Amino acid sequence: MNSTLLLLKFLAPESILADTALLVLIAGLVKSTASSRNVLLSLTLLGGLTAGACLLYFPDNVNFFHGMVVLDPLTRLVKLAILILSLVTAVFAAGSSVREHFAEYLALILFSTIGMMLLAGTEDLLMIFIALEMTSIPLYILTGYLKKSSASAEAALKYFLVGGVSAAFLLFGLSLIYGVTGCTALQDLAKVPPATFRDPLFLAGVVMAMAGFGFKVAAVPFHLWAPDVYEGAPTPSAALIASGSKVAGFLILAKLLTYGLAKAGGSAVWGAMQPGWLPVLGLIAAASIIVGNLAALSQSNVKRILAYSAIAQSGYMLLGLMAADKTGLSSVLFYVIVYALTTLGAFGVCAIVEQRRGGSQLHHFEGLHQSAPGLALCMGVFMISLAGIPPLAGFFGKFYLFAGALGSVATKDGHMGLLWLLIIAIAFNAVSLYYYLIVLKHVFVIPSSAEPAPRSPRSATGTLVGLLAIAIFALGIYPGLLLDPIHNAVKTATWFAAKAAAIATSAAQPKTLQGTTK
Amino acid sequence: MSHDYLLLTLFLAIAIVFPLVPLALAWLWARFLSPSKPGKDKQSIYECGIESKGPARIQFQAHYYLYALVFLVFDVETVFLLPFAAMGFVKISVPSFLAIMVFLLLLVESLVWAWAKGVLEWK
């Protein structure tokens, strides 16, 4: 078979999404009415479901062009998660304030989804950059979609400018890595002799690349765009930025660091730090957890609270990445997917409240349990899961994440391993409980001062929010529902085996190891 | 290694001196030998376009950008079509031909879309 056609076969989900987007664009040229919006949405969902079916239908593991396009159980799982998150966003969009150019809005969601799926399925620096741009550019447009809202325009401009600068940083960092090692494929990078990783130029490249990714996952100090974008963007756009884009970003960051740069980690152990990406990641994670949680305390807009909470949650997930082993990767994947579902649900509640009460300030949520008890209950589930209280999925995710990070470094040599980071994380997790409960206080305790609005008919958004809440609850009680597929997928990630072997050989010469530690 | 850089330095020096010498000669000529007779034609910009009229900071339609962007996109796409045409359509395999057709279809769709959205109308 011709290699082009073979590639098309394995990129069928992405191709189908692209076709759907083009079809939606043409279908959107018909005069827009309420029913035509539903037609467009059904087209999008149909395309998305077909793409999902394709994803499950081709179970082959392939590796095209030396890692440019990779399909294995791990990427398939993440692609499926991204697809589901994007489709939920599309449904949210149908009930949102986006009225003008609705077809283009759906098409842009699909285009961005294609970028995220390609990002999840690549192991090459060049493709990582291209896919990242494919994801980001539609997201910039989606952020500024409300033409007449100045907040939306401001958010889009900030997102675009910061995104552009960080893309430049990322590209420059990747080019330095390429310049020193001479390869762009992660599988080649993993084979580079460790002496290369001491090159200051290479370390500069790693730090620059991490700045670029830090922007993508909204980690401190690259987080300043997040609150404005979450607040100003149309709610479905913000939901997509907070969910799908984050899942893809974390998978690729994990791949780059634990696969390509596995030997360049250094050490983030307190008192025995060594240059590499681990100490950088440790500092970013600690800063994100501290700044995110403290800044969220003084917010009065629920979307801004969600933004700062997203920054803090990014810090927790970076902590999981620092484990750099199979347990760490599974815990990060579990947590990021659960987090994406939760935050998507919270944004769904915000969207409904905005529709009914004209805003998402804290006082708009007052007395929600009277006017919409179901919605209030869902918001309660999401907030408590984000705070990490059992029996919801957020608790289990956080527990697994922290346990993975703690267990990754042997603590027998008298040092504390990553314990210093965990102490920060757990202490500030207690702080985060305050602002999550403040939201719930407005929802459940403070009675509404406004006239009770007439009960609105059940919307698709409301149904989905309910389903998401049920999913969070179910995943908290049976984490295996999601964890078993993740475990099975991560088991096939072969690169950790190579790393374990490398550690075993270095452990065979304990004297040289001690020499480098001191 | 050092030899290569020596050549490069030499090249840099020549590259700087080469344009400076005629400029210096022209200046010396103008300073000491030629009579000063400024005129309208003599002062005008030579082979650098026409002289500008009025300030550049005026309002113009934002529609111009849309128009220019669409033009730019289609202009660049033409370049991509050129290699296909240059191959004479004879040596092209069936998958490549299909790929060209898909590409053309995308162009047609974007044109139809832009037309229907009113981008091509000058209001």
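No experiment lies behind these values; they were computed from the predicted model shown.

So, helix α7 (residues 150–181) of chain A
Now for step 1: Compared with the 46 Å implied by 1.5 Å per residue over 32 residues, the 46 Å span of α7(A) between its first and last C-alpha is a close match.
Now for step 2: A positive backbone phi angle near 80° is found at A:Gly182, which sits one or two residues after α7(A).

Looking at the packing of helix α9 (residues 200–216) of chain A against helix α13 (residues 277–296) of chain A
Residues and elements named next belong to chain A.
Now for step 1: For the pair α9 and α13, the least separation of the axes is 10 Å and the interaxial angle reads 35°. Read as a crossing pair, α9 and α13 show a hand that is right-handed. In contact with Val206, Val207, Met210 and Gly214 of α9, α13 contributes Trp277, Val280 and Ile284.
Now for step 2: A per-class count over the contact of α9 with α13 returns six nonpolar, one polar and no charged.

Points about unusual backbone geometry
Residues and elements named next belong to chain A.
Now for step 1: Geometrically, the link from Val220 to Pro221 is a cis peptide bond, its omega value of 5° lying close to zero.
Now for step 2: Examined against the element boundaries, Pro221 turns out to sit in the loop between α9 and α10 (225–232).
Now for step 3: In the segment running from Pro390 into Pro391, the intervening peptide bond is cis, with an omega of 10°.
Now for step 4: Relative to the assigned elements, Pro391 resides in the loop between α17 (373–387) and α18 (393–408).
Now for step 5: In this structure, Phe65 takes a positive phi of about 50° despite not being glycine.
Now for step 6: In this structure, Phe65 sits in the loop between β1 (62–64) and β2 (69–71).
Now for step 7: For Phe65, a count of 13 C-beta atoms within 10 Å gives the class partly exposed.
Now for step 8: Even without glycine at this site, Ala324 takes up a positive phi of about 55°.
Now for step 9: With respect to the helices and strands, Ala324 occurs in the loop between α14 (302–321) and α15 (326–357).
Now for step 10: For Ala324, a count of 25 C-beta atoms within 10 Å translates into the label buried.

Details of the domain arrangement of chain B
Now for step 1: What the domain assignment reports for chain B is domain 1 (2–43) and domain 2 (63–116).
Now for step 2: Domain 1 of chain B and domain 2 of chain B are separated by 47 Å when their C-alpha centres are compared.

Observations regarding the environment of A:Ser371
Residue and element names in this part refer to chain A.
Now for step 1: Along the polypeptide, Ser371 turns up in helix α16 (residues 368–371).
Now for step 2: Judged by the 19 C-beta atoms lying within 10 Å of it, Ser371 is partly exposed.
Now for step 3: Placed 329 residues apart in sequence, Ser371 and Ser42 show a C-alpha to C-alpha distance of 30 Å.

Section: the interface of chain B and chain A
Now for step 1: Opposite the four residues of chain B that make contact, chain A presents seven residues.
Now for step 2: For the side of chain B that touches chain A, the class distribution of residues is three nonpolar, no polar and one charged.

Things to note about α9(A)
Residues and elements named next belong to chain A.
Now for step 1: Relative to the 24 Å expected for 17 residues at 1.5 Å per residue, α9 spans 25 Å between its end C-alpha atoms, a close match to the ideal helical length.
Now for step 2: Within α9, 13 of the 17 residues are buried, leaving the element largely enclosed by the surrounding structure.
Now for step 3: Just beyond α9, the residue with positive phi is Ala218, at close to 55°.

A few points about the packing of helix α6 (residues 125–143) of chain A against helix α11 (residues 235–242) of chain A
All names here are of chain A.
Now for step 1: Running from amino to carboxyl end, α6 crosses α11 at an angle of 150°, the nearest separation of the two axes being 9 Å. Comparing their axes, α11 and α6 come out roughly antiparallel. With respect to the hand of their crossing, α6 and α11 are arranged in left-handed fashion. Where α6 abuts α11, its residues Leu139, Leu142 and Thr143 lie against Ser237, Leu240 and Ile241.
Now for step 2: Along the lines of polarity and charge, the residues of the contact of α6 with α11 split into four nonpolar, two polar and no charged.

Some words on the nonpolar core
Residue and element names in this part refer to chain A.
Now for step 1: If you look at the biggest cluster of nonpolar residues, it comprises 184 residues, and the most contacted ones within it are Leu106, Val247 and Met322.
Now for step 2: Broken down by element, this core gets its largest block of residues, 19 residues, from α15.
Now for step 3: Within the second largest apolar cluster, five residues are counted, among which are Phe10, Leu11, Val69 and Leu71.

What counts and how
In this numbering scheme, every chain counts its residues from 1 along its sequence in written order. Here the convention is simple: chains get letters from A, ligands get numbers from 1, in the order in which they are written. Since the coordinates come from a predicted model, pLDDT governs what is reported: local features require at least 70, and pairs of side-chain atoms require 80 or more to be given and counted, while whole-chain, interface and lining totals use all residues. Put simply, DSSP H or I for four residues or longer makes a helix, DSSP E for two residues or longer makes a strand, and each gets a number counted from the N terminus. Expected helix span is taken as 1.5 Å per residue step, with the number of steps being one fewer than the number of residues. Here an angle of 0 to 180 degrees is reported between the N-to-C directions of two axes, which are lines fitted to C-alpha atoms, with helices fitted over the stretch in contact. For any helix crossing, the convention is left-handed if the near helix is rotated counterclockwise from the far helix by under a right angle, and right-handed if that rotation is clockwise. Contacts here follow a simple rule: the backbone-placed C-beta atoms of the two residues must lie within 7 Å. Following the grouping adopted for this structure description, the nonpolar residues are Ala, Val, Leu, Ile, Met, Phe, Trp, Tyr, Cys and Pro, the charged ones are Asp, Glu, Lys and Arg, and the polar ones are all others, Gly among them. Any residue whose C-beta has 12 or fewer other C-beta atoms within 10 Å is treated as exposed, any with 20 or more as buried, and any in between as partly exposed, C-beta atoms being built from the backbone. Where each domain begins and ends follows an automated or database-derived domain assignment. Orientation labels follow simple angle bins: below 35 degrees gives roughly parallel, above 145 gives roughly antiparallel, 65 to 115 gives roughly perpendicular, and whatever is left gives oblique. Any nonpolar core is a set of buried residues, restricted to Ala, Val, Leu, Ile, Met, Phe, Trp, Tyr and Cys, that join up through C-beta atoms within 7 Å.

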